[in-house]
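Architecture at a glance
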Amino acid sequence: MLHIAPTKNIPDNTGQPTKSQQVIRVSTDGDFIPLKWNWAETWLTVPVIFKDIYKRIYDFEVKEDDVFIVTFPKCGTTWMQEAAWLLLNNLDYEEASRSHVLKRSVYMDISILYEMGGNDSIAMAAELKSPRCIKSHLPPHLLPRQIWQKKVKLIYCARNPKDVLVSFSHFLRGKGAYRGNAKEFVDDFLNANITYTPYWPHVFTMWQMRAEPEVFFITFEEMKSNLRGVLERLAVFLEKPALTEAQMEKLLKHLSFENMKANQQANPTELIKNSGKRIVASDFEFMRRGIVGSYKDELSEEDQRRINEWSEQFLGQFNVSMTDIFGDI
Ligand code: A3P
């Protein structure tokens, strides 16, 4: 059952053009999730349209061989989608060059952000060819419940909150989906006023489930420092044969930031610019910097300190530090 938090006044900076202008906070009891957690009071901020769509997502018919790629936004989702899709499809570069990764690996809950008309993303995810590789930004308790009931494979990619905040701010402001300035974005992110926030319960609950056999938990930071090692482990997780050296070399090159940025079937920039949904800035770039530590020259010391304190406040309850999750960033 969907719980809806009593409304607080949430600033309308998210800039959704229609009904989804207003946001609400939702949760479920999180039945079937292996982690014991106070799910019912773990509120997620979503556009109000979520109420109408939620049941179709929650009751989504999951197949045993589905692979879900779940992330908080801007954690390297697209990078992981391209890697996982290729491994899952026996390195079919031909098919990968024919269709965009966001068509091969559908973002099932994008319908909560836009009214999609005939192009309903939940139906598109359902219609993918098996093994389906489905993307979602929803946290554990709002994902299709059959993921947990049927114990299908779930890849979760996390990234440190300072780089996520910077990347998310550029992304939403650049594509006209957030009306405030960069400073206001920091406040709205920390106060969980942005769709898919709050950040920490999303990332931390999945980190706590990292040892579950059906969960592959990875960080953007590790993909940056040791993509080869990540791909080796991912192939094992996906029950695929180990890559030969030549296959590995080719895949590493294909997944490099420069190659993905130049690859029209992997870089979402043009799709977003041509979607006609909003006025996208002419210099909008989805593949922006692709590094660890962009917060260092893009966030003020004051904002870095605020995010550190906010993180310590959450993680301190569990005696965990950011370094435990992301290493040195
Ligand atoms: P930046 O904005 O910091 O550059 P998502 O796919 O979850 O929206 O994440 C987008 C972020 O991942 C962007 O971060 C983007 O540049 C980065 N990214 C995408 N592909 C990448 C790659 N092949 N290597 C490194 N970073 C990549």
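Here's what I pulled together on the structure shown here. (Residues numbered from 1 in each chain as written. Predicted model: local features only at pLDDT ≥ 70, side-chain atom pairs only at ≥ 80, totals over all residues. Heavy atoms only, no water.)

What follows is about the overall build of the chain. Helices and strands together make up the secondary structure of the chain, namely 17 helices and seven strands. Along the first, second and third principal axes, the C-alpha set of the chain runs to 55 × 45 × 45 Å. Scored against the burial criterion, the 329 residues of the chain give a buried share of 57%. Counting only contacts in the chain whose residues sit at least 6 apart along the sequence, the fraction spanning at least 24 positions is 74%. (Helix = DSSP H or I, 4+ residues; strand = E, 2+ residues; numbered from the N terminus. Buried < 20%, exposed > 50% of the residue type's maximum accessible area, 1.4 Å probe, protein only. Contact = heavy atoms within 4.5 Å.)

Quantified by volume, the second largest pocket comes out at close to 290 Å³. Lining the second largest pocket are 14 residues, and of these Trp43, Ala192, Pro198, Pro201 and Phe314 lie nearest its centre. Elements represented by at least two residues in the lining of the second largest pocket include exactly α9 (199–208) and α16 (301–316). Per element, the largest residue contribution to the lining of the second largest pocket is three residues, and it comes from α9. Considering only residue class, the lining of the second largest pocket consists of nine nonpolar, three polar and two charged. (1 Å grid on protein atoms, 1.4 Å probe; cavity = no way out; pocket = protein on both sides within 12 Å on 5 of 7 lines; lining within 4 Å. Points joined across faces, edges and corners; volume = space filled by probe spheres on them. Nonpolar A, V, L, I, M, F, W, Y, C, P; charged D, E, K, R; others polar.)

In the structure shown here, the tally under the stated rule is 20 salt bridges. Note that aspartate 59 is salt-bridged to lysine 55, the shortest N-O span being 2.9 Å. Residues joined by salt bridges that share partners form a network here, namely Lys183, Asp187, Asp303 and Arg306. (Salt bridge = Lys/Arg side-chain N within 4 Å of Asp/Glu carboxyl O.)

Now for the sheet that holds strand β2 (residues 23–27). The three strands are arranged β1-β2-β3 in an open sheet whose pairing can be described as antiparallel. On the outer flanks of this sheet lie β1 (3–4) and β3 (44–47), each paired with one strand and no other. (Pairing = 2+ DSSP bridges.)

The next subject is the sheet that holds strand β6 (residues 153–158). What the four strands build is an open sheet, ordered β5-β4-β6-β7; its pairing is parallel. Strand pairing shows two members of the sheet lacking a second neighbour, β5 (133–136) and β7 (215–219), which therefore form its edges. Neighbour-to-neighbour, the strand axes of the sheet open up by a mean angle of 20 degrees, direction not taken into account. Against the sheet, helix α2 (residues 77–88) makes contact with β4 (67–71), β5, β6 and β7, and its axis sits at roughly 165 degrees relative to β4, the strand it touches most. (Axes fitted to C-alpha atoms, helices over the stretch in contact; angles between N-to-C directions.)

Now for the packing of α2 against helix α11 (residues 227–237). In contact at an axis separation of 10 Å, α2 and α11 are set at 45 degrees when each is read in the N-to-C sense. Considered as vectors, α2 and α11 are oriented oblique to each other. Pair α2 / α11 crosses with right-handed handedness. Facing α2, whose interface residues are Trp79, Met80, Ala83, Ala84 and Leu87, α11 presents Leu227, Leu231, Leu234 and Ala235. Class assignment for the residues of the contact of α2 with α11 results in nine nonpolar, no polar and no charged. (Parallel < 35°, antiparallel > 145°, perpendicular 65-115°, else oblique. Left-handed = near helix turned anticlockwise from the far one by under 90°.)

Our next topic: helix α7 (residues 161–174). Spanning 14 residues, α7 covers 19 Å between terminal C-alpha atoms, matching the ideal 20 Å at 1.5 Å per step. Where burial is concerned, most of α7 is hidden: twelve out of the 14 residues are buried. Of all the positions in α7, only Pro161, Lys162, Asp163, Val164, Leu165, Val166, Ser167, Phe168, Ser169, Phe171, Leu172 and Gly174 are classed as buried. In this structure, the buried side of α7 is in contact with α8 (182–190), α9, α14 (269–273), α15 (295–298), α16 and α17 (322–326). If you check the start of α7, you find a side-chain oxygen 3.1 Å away from the backbone N of lysine 162, and it comes from asparagine 160. Once α7 ends, the next one or two residues include glycine 176, with phi positive near 75 degrees. (Expected span 1.5 Å × (residues − 1). Polar contact = N/O pair within 3.5 Å; in protein donor to acceptor, adjacent residues only side chain to side chain.)

For the rest of this paragraph, the subject is the pairing of β3. Every other side chain in a regular strand lies on the same face of the sheet, so the side chains alternate between the two faces. Side-chain alternation along β3 places Leu44 and Val46 on one buried face and Thr45 and Pro47 on a second face that is also buried. Relative to β3, β2 is paired through four bridges, and the arrangement is antiparallel. When the bridges of β3 are listed, valine 23 appears paired with proline 47.

What follows covers the state of the cysteines. The full count for this structure, using the stated rule, is zero disulfides. Free cysteine: cysteine 133, not disulfide-bonded; nearest cysteine sulfur from cysteine 157 at 13 Å. (Disulfide = S-S within 2.5 Å.)

So, about the site of the ligand. Taken together, the neighbourhood of the ligand is formed by 18 residues, with Thr77, Thr78, Ser167, Arg289 and Gly290 sitting nearest. Side-chain polar atom of lysine 74 to an oxygen atom of the ligand: 2.9 Å apart, as the coordinates give it. Separating an oxygen atom of the ligand from a side-chain N or O atom of arginine 288 is a distance of 2.8 Å. For the ligand, whose unbound accessible area comes to 570 Å², protein coverage reaches 98%. Taken together, the elements giving at least two residues each to the shell around the ligand come down to α2 and α13 (257–262). Split by residue class, the shell around the ligand holds eight nonpolar, six polar and four charged. (Near = heavy atom within 4 Å. Areas by Shrake-Rupley, 256 points an atom, 1.4 Å probe, with all protein chains shown as cover.)

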